[in-house]
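Architecture at a glance
Chain residues, written in single-letter form:
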Amino acid sequence: MIRIPCPFCGTRDHSEFSYGGDGSIKYPALDAPMEDWHDAVFQRENICGRQVETWHHVNGCRMWLLVERDTMTHEIHSVRPAHPDMAQALEVTA
Amino acid sequence: MTRFSAWNVFWQGMSGQKGWSRQWRDPEPKPHYDVVIIGGGLHGLATAYYLAKNHGIHNIAVLEKGWIGGGNAGRNTTIVRSNYTQPGNREFYEHSLKLWEELSHELNYNVMFSQRSHITLLHSPGAIDAASRNYNIMRLTGNDDAEIWSLERLKEAAPHLNYDATARFPIMGAAVHKRAGTARHDAVIWGYARAADQLGIDIIQNCEVTGITRDGSRVTGVETSRGRISTYKLGLAVAGSSSRLWSLAGMRHLPIESHKLQAFVSEPLKPLLDQVVVFGMGGAHFYISQSDKGGMVFGGDLDWYKSYAQKGNLPIVQDVAEAAMSVLPCLGRVRLLRHWSGVVDMSMDGSHFISKTPLDNLYLNAGWNYGGFKATPASGTYFADLIANDRPHRVVANHDLKRFERGIQLDERGAGPDPKLHG
Ligand SMILES: Cc1cc2nc3c(=O)[nH]c(=O)nc-3n(C[C@H](O)[C@H](O)[C@H](O)COP(=O)(O)OP(=O)(O)OC[C@H]3O[C@@H](n4cnc5c(N)ncnc54)[C@H](O)[C@@H]3O)c2cc1C
Ligand SMILES: [Zn+2]
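About the criteria used
Residues numbered from 1 in each chain as written. Chains lettered and ligands numbered in written order. Predicted model: local features only at pLDDT ≥ 70, side-chain atom pairs only at ≥ 80, totals over all residues. Heavy atoms only, no water. Helix = DSSP H or I, 4+ residues; strand = E, 2+ residues; numbered from the N terminus. Rg over C-alpha atoms; globule rule 2.2 N^0.38 Å. Buried < 20%, exposed > 50% of the residue type's maximum accessible area, 1.4 Å probe, protein only. Areas by Shrake-Rupley, 256 points an atom, 1.4 Å probe, with all protein chains shown as cover. Lys, Arg positive; Asp, Glu negative; His and termini not counted. Charge placed at Lys NZ, Arg CZ, Asp CG, Glu CD. Donors = N, O, S within 2.8 Å, 3.2 Å for Na, K, Ca; no water. Tetrahedral: all angles 85-135°; square planar, octahedral: opposite > 155°, others 65-115°. Pairing = 2+ DSSP bridges. Axes fitted to C-alpha atoms, helices over the stretch in contact; angles between N-to-C directions. Near = heavy atom within 4 Å. Polar contact = N/O pair within 3.5 Å; in protein donor to acceptor, adjacent residues only side chain to side chain. Nonpolar A, V, L, I, M, F, W, Y, C, P; charged D, E, K, R; others polar. Contact = heavy atoms within 4.5 Å. Parallel < 35°, antiparallel > 145°, perpendicular 65-115°, else oblique. Left-handed = near helix turned anticlockwise from the far one by under 90°. Buried area = accessible area lost by both parts, 1.4 Å probe. Salt bridge = Lys/Arg side-chain N within 4 Å of Asp/Glu carboxyl O. pLDDT = per-residue confidence, 0-100. Core = buried A, V, L, I, M, F, W, Y, C linked by side-chain atoms within 4.5 Å. Expected span 1.5 Å × (residues − 1).

Assigned secondary structure in chain B consists of nine helices and 18 strands. In summary, chain B has a C-alpha radius of gyration of 22 Å against a globular reference of 22 Å for 423 residues, a match within 12%. Scored against the burial criterion, the 423 residues of chain B give a buried share of 56%. Accessible area of chain B: about 17400 Å², with a carbon and sulfur share of 53%. A gap of 3 Å separates the mean positions of the 45 positive and 40 negative side-chain charges of chain B.

In structure tokens, the structure reads:
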């Protein structure tokens, strides 16, 4: 079991979360060229090692998180809210 | 090498089994090959075999970092079927099934292909309608072995399933693919290795590819743990490691994520289940068959997050055990013998790639999700054809890396571009 330290709920089993995917993907502007959309939707670097990914704490606070995790050892390096304003607000209160 | 035949088995039995020779050589790598295939799994070995047999290319090396069959080839649950419906996949898997039916003769090696039927359990009128549509597509395109069974017929064929009317998901019928079944995975690996070796192909084990050298858009060779090897053409068939080899060739992105899939085998039991049975309902997924040794071989969903570790997680063990109990409650007291996992390359639409690449003489065989065992003979045939002729065969014309750019997705489940959903 991977244990994920949720910034809102504390450390929880990964079975409380649902996995999103590669967190480094940024969707382009709606009117961006088709190739940009193709790459964002279909192309993955599929890193073996540390990668940033999205996880949804679906059976907890229901927040989307950005988790930096090693895809070989499953070690978690950092967790922050996916929403940038939320991340900033947490930093201010901390 | 001694051919396998009834006479030879008899004769060796009479003469103390002393006349058998080794099944394939253990050659030193040569400095150059016309074709190098990376990956000594089913797809790499089958490709090398068909390159020699169908295309007359014999100066070939298959490079394997560990031992052949140590990857997914030796980890899968051996289900062979062709009940796919997407154009391209339909023809591909049906051709594969036809090749399976002749494979033991073709390779002079008993791969123990057992066409015991593949039963998909149906639990609602809607599921029966959907399965009828799919199995009618199969019937209209050459599979008269596709049938929809009533509950009565199913009870006769598979009496030990949970037919309780108060089950959470009572069984209402089944979709049955009668020519489907299982084979012995190790035998398939050994059979292809032996047959390829006989055609002059060098199978080089303990040879990890650590670099791919290029001259502009041409591949010139590979760096390996056993030295440099130059080649005219390079084929990648490394299953769960596709993205890693892709980056060794100096490229970054593939429509693939690596995930891990677990499988289980129980202690041997007396004959209990004559078919492959599949249960998929309400988010649960479970499939089971009984091996010739009697072990119940089963599995379910992948681990739900990307991973390169060949080590499964426990929540899936629990899920699979729960599904097992709901389908075959009589398994409750059976002990688990072994449990393992393999890293599979899940693609964005759940279908594979047999494709040219941005590099002139690099070819990619990847994206097998969890269904690449059944694909082996067709995968080898069409990948060899692509490498030999430098153009895709009609059947795999849409199995290229550029299909998404053309707006084509071969998405059997209609799950969309999320690799983990294509189980
Ligand atoms: C648990 C499980 C159950 C499955 N069940 C089924 C099933 O019931 N039916 C079905 O059809 N399919 C099934 N599959 C899928 C099937 O096993 C795979 O799709 C198929 O085996 C992949 O092709 P392969 O045999 O060539 O891969 P592999 O055997 O994995 O071969 C790839 C090889 O490449 C080698 N390699 C990697 N990197 C390097 C390098 N740098 N240098 C040299 N060599 C390298 C690896 O060591 C490996 O041996 C299952 C898979 C798993 C994991
Ligand atoms: Zn939370």
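Read on, since the account is not over.
Below, the discussion takes up the coordination of the zinc ion (ligand 2). Residues and elements named next belong to chain A. Around the zinc ion (ligand 2), the protein contributes the donor atoms Cys-6 (SG), Cys-9 (SG), His-57 (ND1) and Cys-61 (SG), which lie 2.0 to 2.3 Å from the metal centre. The site at the zinc ion (ligand 2) holds four donor atoms, and with the angles between them running 104 to 118°, its shape is tetrahedral. A relative accessible area of 0% means that His-57 is categorised as buried.

All names here are of chain A. Pairing is antiparallel in the open sheet, where four strands are placed in the order S3-S4-S5-S6. Looking at which strands have only one partner, the edges of the open sheet turn out to be strand S3 (18-22) and strand S6 (76-81). Ignoring strand direction, the axes of neighbouring strands in this sheet form an average angle of 30°. Pairing analysis gives seven bridges linking strand S4 (residues 50-56) to strand S5 (residues 64-70), with the strands arranged antiparallel.

This part covers the site of ligand 1. Residue and element names in this part refer to chain B. As a matter of local geometry, ligand 1 sits amid 36 residues, with Glu-64, Asn-72, Ala-73, Thr-77 and Lys-374 nearest to it. Between ligand 1 and His-43, the relevant distance is 3.1 Å, taken from an oxygen atom to a main-chain nitrogen or oxygen of the residue. Here an oxygen atom of ligand 1 and a backbone polar atom of Gly-371 are 3.2 Å apart. Here ligand 1, which alone exposes 1000 Å², has 95% of that area covered by the protein. Where the shell around ligand 1 is concerned, the elements lending two or more residues are helix H2 (42-55), strand S12 (256-268), strand S16 (336-347) and helix H9 (372-389). Looking at side-chain class alone, the shell around ligand 1 contains 17 nonpolar, 14 polar and five charged residues.

So, about the sheet that holds strand S13 (residues 276-281) of chain B. All names here are of chain B. Taken in spatial order, the eight strands line up as S5-S6-S4-S13-S14-S15-S12-S16 in an open sheet, and their pairing is mixed. With one partner strand each, in any of the chains shown, strand S5 (146-150) and S16 form the two edges of the open sheet. Within the sheet, the average angular offset between the axes of one strand and its neighbour, ignoring direction, is 20°. In this fold helix H4 (residues 125-140) packs onto strand S4 (118-122), S5 and strand S6 (173-177), with an angle of close to 150° to the strand it touches most, S5. Of the strands in this sheet, S4, S12, S13, strand S14 (284-290), strand S15 (295-306) and S16 are in contact with helix H8 (residues 314-327), which crosses S15 at around 135°.

The subject of this paragraph is the packing of helix H3 (residues 89-107) of chain B against helix H6 (residues 185-198) of chain B. All names here are of chain B. It is at 10 Å that the axes of H3 and H6 come closest, and there the two elements cross at 45°. Accordingly, the angle class assigned to the pair H3 and H6 is oblique. In the packing of H3 onto H6, the handedness of the crossing is left-handed. The residues of H6 that touch H3, namely those facing Trp-100, Leu-103 and Leu-107, are Val-188, Gly-191, Tyr-192, Arg-194 and Ala-195.

A few words now on the interface of chain A and chain B. Contact with chain A, which involves 23 residues of that partner, is made by 26 residues of chain B. Interface area, chain A with chain B, both sides summed: about 2100 Å², of which 55% is carbon and sulfur. Of all residues in chain A, Tyr-19, Phe-42 and Asn-46 of chain A bury the most surface against chain B, accounting for 31% of the area lost on that side. Remark: the boundary between chain A and chain B carries one salt bridge.

Moving on to the confidence of the model for chain B. Taken as a whole, chain B shows an average pLDDT of 96; of its residues, 100% reach a score of 70 or greater. Overall fold confidence for the complex sits at a pTM of 0.97, while the interface term, ipTM, reaches 0.93.

All names here are of chain B. Within the largest apolar cluster, 50 residues are counted, with the highest numbers of intra-cluster contacts made by Phe-92, Trp-100, Val-188 and Tyr-192. Of all elements in the fold, only strand S1 (32-38), H2, strand S2 (60-63), H3, H6 and H9 reach the threshold of two or more residues within this core. Once residues lying within four places of it in the same chain are set aside, the contact partners of Val-188 are Leu-42, Trp-100, Leu-103, Val-111, Ala-183 and Phe-373. With 31 residues, the next largest nonpolar core counts Leu-234, Met-251, Leu-359 and Leu-364 among its residues.

Right, let's get into the packing of H2 of chain B against H6 of chain B. Two numbers describe a pair of packed helices, the interaxial angle and the distance between the axes. All names here are of chain B. As a packed pair, H2 and H6 sit with axes 9 Å apart at the nearest point and diverge in direction by 30°. The angle between H2 and H6 places the two elements in the roughly parallel class. As for how H2 packs across H6, the hand of that crossing is left-handed. Contacts between H2 and H6 pair Leu-42, Leu-45, Ala-46, Tyr-49 and Tyr-50 from the former with His-185, Val-188, Ile-189, Tyr-192, Ala-193, Ala-195 and Ala-196 from the latter.

This paragraph deals with H2 of chain B. All names here are of chain B. Under the 1.5 Å per step criterion, the end-to-end length of H2 is 19 Å for 14 residues, consistent within 8% with the ideal 20 Å. Counted residue by residue, H2 has 11 buried out of 14 residues, so it is predominantly covered. Buried within H2 we find Leu-42, His-43, Gly-44, Leu-45, Ala-46, Thr-47, Ala-48, Tyr-49, Tyr-50, Leu-51 and Ala-52. Trailing H2 by a residue or two, Gly-56 shows a phi angle of about 65°, which is positive.

Below, the discussion takes up the environment of His-422 of chain B. All names here are of chain B. Here His-422 is to be found in the segment after H9. Note on His-422: relative accessible area 6%, which makes it buried. Separated by 10 residues in sequence, His-422 and Glu-412 have C-alpha atoms that sit 8.2 Å apart. Apart from the residues within four sequence positions on either side, His-422 is in contact with Met-346, Ser-347, Met-348, Asp-349, Gly-350, Asn-369, Asp-411, Arg-413, Ala-415 and Gly-416. Among the polar contacts listed, one links the side chain of His-422 to the backbone oxygen of Gly-416, at a separation of 2.7 Å.

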